[in-house]
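# Fold and geometry: a report
Next come the chains, spelled out residue by residue.
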Amino acid sequence: MMQRSYDTKEDVLATFPNQYFREQLLQWYEAHQRHLPWRESKDPYRIWVSEIMLQQTRVDTVKPYYQQFMEKFPTPEALAEAHEDQVMKAWEGLGYYSRARNLQSAVREVVNTYGGEVPQDPEEFASLKGVGPYTKGAVMSIAYDLEEPAVDGNVMRVLARVLLLTDDIGKQRTRKHMENCVRILISGTPPSDFNQGLIELGALICTPKNPSCDICPVQEVCRAYDQQMVEQLPVKAKKQSQKQQTMAVAVIESEDGAVLIEQRPKQGLLAGMWQFPMVEAPPALRQQSLQQYLKETYQVDVTLEDTEQSLEHVFSHLIWKVRVFHAIVPSSMNRGNWMQKTEAEKLAFPVVHQKIWRQQLR
DNA sequence: CACCCGTGGTT
DNA sequence: TAACCAAGGGT
């Protein structure tokens, strides 16, 4: 791996057949692009919503959420006026829930400050909550055809291979470098097609595993292919192992059909979402800790039944081992954080609590 | 920069 | 099966 490192964009692209690459990419994209819901219009708002949903999320996962979301909130005004609970419910199950809060916050700013028009200035658009370097470039190029780089994981993988860039793509600096490359490559092309072509190539041909180099439109100019380095790229440092937490959850029902639920803090993991009362505790202490928590926090003094049901939930950076406890109490306790099940179902729960709900309450 | 922030499909 | 990781952004 004694590849020389390039400090400037000129170095990497100096001997690169730029024109050939662009023509091949654009021709391939025109012929092979997928038909996707968010490619049916140039509405900046619709493009924007799709780009937020697609962050770290697969196309097939996003599709149904996107359709449903656009029906509920077809315009910036509709999303701006919606209640936060509605937006969170529409996002339930998609993950990374701060995306939804930031999107609504940003859309409200667009309505209030920009008259409901998504700014055409990249810097103005990037100043909105939840809009980072990638989303800025994606929306500005796709909706407004501005020559802005949109460097995501796909693009970094493609460029790492085509240009034989061996820097760690986990580093901020590497993405910056690739943005500089794209600024050169995109110049004079239709920006929307060029950026989407790069992304599409990464999604369909230049995949992480088993890339289809045989049918790749830019195989002839791919430096990694030439050097038989495709499988080794891109370089990405391994992340640390996830921490484990043992949790105890209480499903408390009243005899008149209510459940005890609580809302998570507005910041941090699963911010603002609803859940059954839950504590973190060592396995030997979890029942006692949970009973104490219920008594102190909700004035519910009960002996919990251990359902002996355990489930594991894996997050991006930690693992929950969840033990479920259960109790039924008289209806007289129905107040405060108690809610009828039919009402509680309208709130947004994290997936692990949805599972508990289905298994315990049906 | 390093760490936090979800979920589900693939290998 | 466990690791990888997908159209990233905030702090």
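Since this is a predicted model, take the numbers as computed values, not measurements. Residue positions within a chain follow its written sequence, with the count starting from 1. As they are written, the chains are lettered A onward and the ligands numbered 1 onward, keeping that order. Given that this is a predicted model, residues contribute local features only at a pLDDT of at least 70 and side-chain atom pairs are listed and counted only at 80 or more, while totals for whole chains, interfaces and linings are drawn from all residues. Based on all heavy atoms of the structure, the side-chain values leave hydrogens and waters out of the count.

This part is about the domain arrangement of chain A. Taken as a whole, chain A is organised into domain 1 (9-232) and domain 2 (243-360). We call two residues in contact whenever any of their non-hydrogen atoms come within 4.5 Å of each other. With nine residues of domain 1 at the interface, the matching set in domain 2 holds 13 residues. The salt bridge definition used is simple: a Lys or Arg side-chain nitrogen within 4 Å of an Asp or Glu carboxyl oxygen. Our count for the contact surface shared by domain 1 and domain 2 stands at zero salt bridges. Counted as a polar contact is a pair of N or O atoms within 3.5 Å, where, for protein atoms, one must be capable of donating a hydrogen and the other of accepting one, and residues adjacent in sequence contribute only when both atoms are in side chains. Summed over the shared surface of domain 1 and domain 2, the result is four residue pairs in polar contact (both at pLDDT 80 or more). Helix and strand definitions here come from DSSP, where helices need a minimum of 4 consecutive H or I residues and strands a minimum of 2 consecutive E residues; each element is numbered from the N-terminal end. At four residues, helix 6 (residues 84-91) tops the list of elements feeding residues into the side of domain 1 that touches domain 2. When grouped by side-chain class, the residues that make up the side of domain 1 that touches domain 2 number three nonpolar, one polar and five charged. Domain extents, as shown, originate in an automatic or database domain assignment. Three categories are distinguished: nonpolar for Ala, Val, Leu, Ile, Met, Phe, Trp, Tyr, Cys and Pro, charged for Asp, Glu, Lys and Arg, and polar for the others, with Gly belonging to the last.

So, about the nonpolar core. In this structure, Phe21, Trp48 and Phe69 are the most contacted members of the largest nonpolar core, which totals 104 residues. Sorting elements by how many residues they give to this core places helix 9 (residues 133-144) first, with seven residues. Counting only domains with at least three residues in this core, you end up with domain 1 (9-232) and domain 2 (243-360). Trp48 has contacts with Leu103, Ala106, Val107, Val110, Val118, Phe125, Leu128, Val131, Thr135 and Val139, leaving out every residue within four places of it along the chain. Note on terminology: a nonpolar core comprises buried Ala, Val, Leu, Ile, Met, Phe, Trp, Tyr and Cys residues joined through side-chain atoms within 4.5 Å. Classification of residues uses two cut-offs on accessible area relative to the type maximum, computed with a 1.4 Å probe and protein chains only: under 20% is buried, over 50% is exposed, and between them is partly exposed. Counting residues in each nonpolar core, the second largest holds 16 residues, with Val300, Val302, Ala327 and Trp338 among its members.

Moving on to the pattern of salt bridges. One pass over the structure, following the stated rule, counts 14 salt bridges. A salt bridge links Glu200 to Arg39; its shortest N-O distance comes to 3.1 Å. With Glu200 in helix 12 (residues 191-204) and Arg39 in the loop between helix 2 (18-32) and helix 3 (44-53), the pair connects residues that are 161 residues apart, well separated along the chain. For Glu200, a relative accessible area of 1% corresponds to the buried category. Judged by relative accessible area, which is 23%, Arg39 ranks as partly exposed.

Our next topic: the side chain of His313. Mapped onto the fold, His313 is located in strand 6 (residues 305-314). Take His313: its relative accessible area is 15%, and that puts it in the buried class. In contact with His313, not counting residues within four places along its chain, are Leu318, Ile319, Trp320, Val351, Val352 and Lys355.

This brings us to the side chain of Gln360. Mapped onto the fold, Gln360 is located in helix 16 (residues 351-360). Using a relative accessible area of 18% as the deciding quantity, one classes Gln360 as buried. Among all residues touching Gln360, those that are not within four sequence positions of it are Val251, Thr307, Gln309, Val324 and His326.

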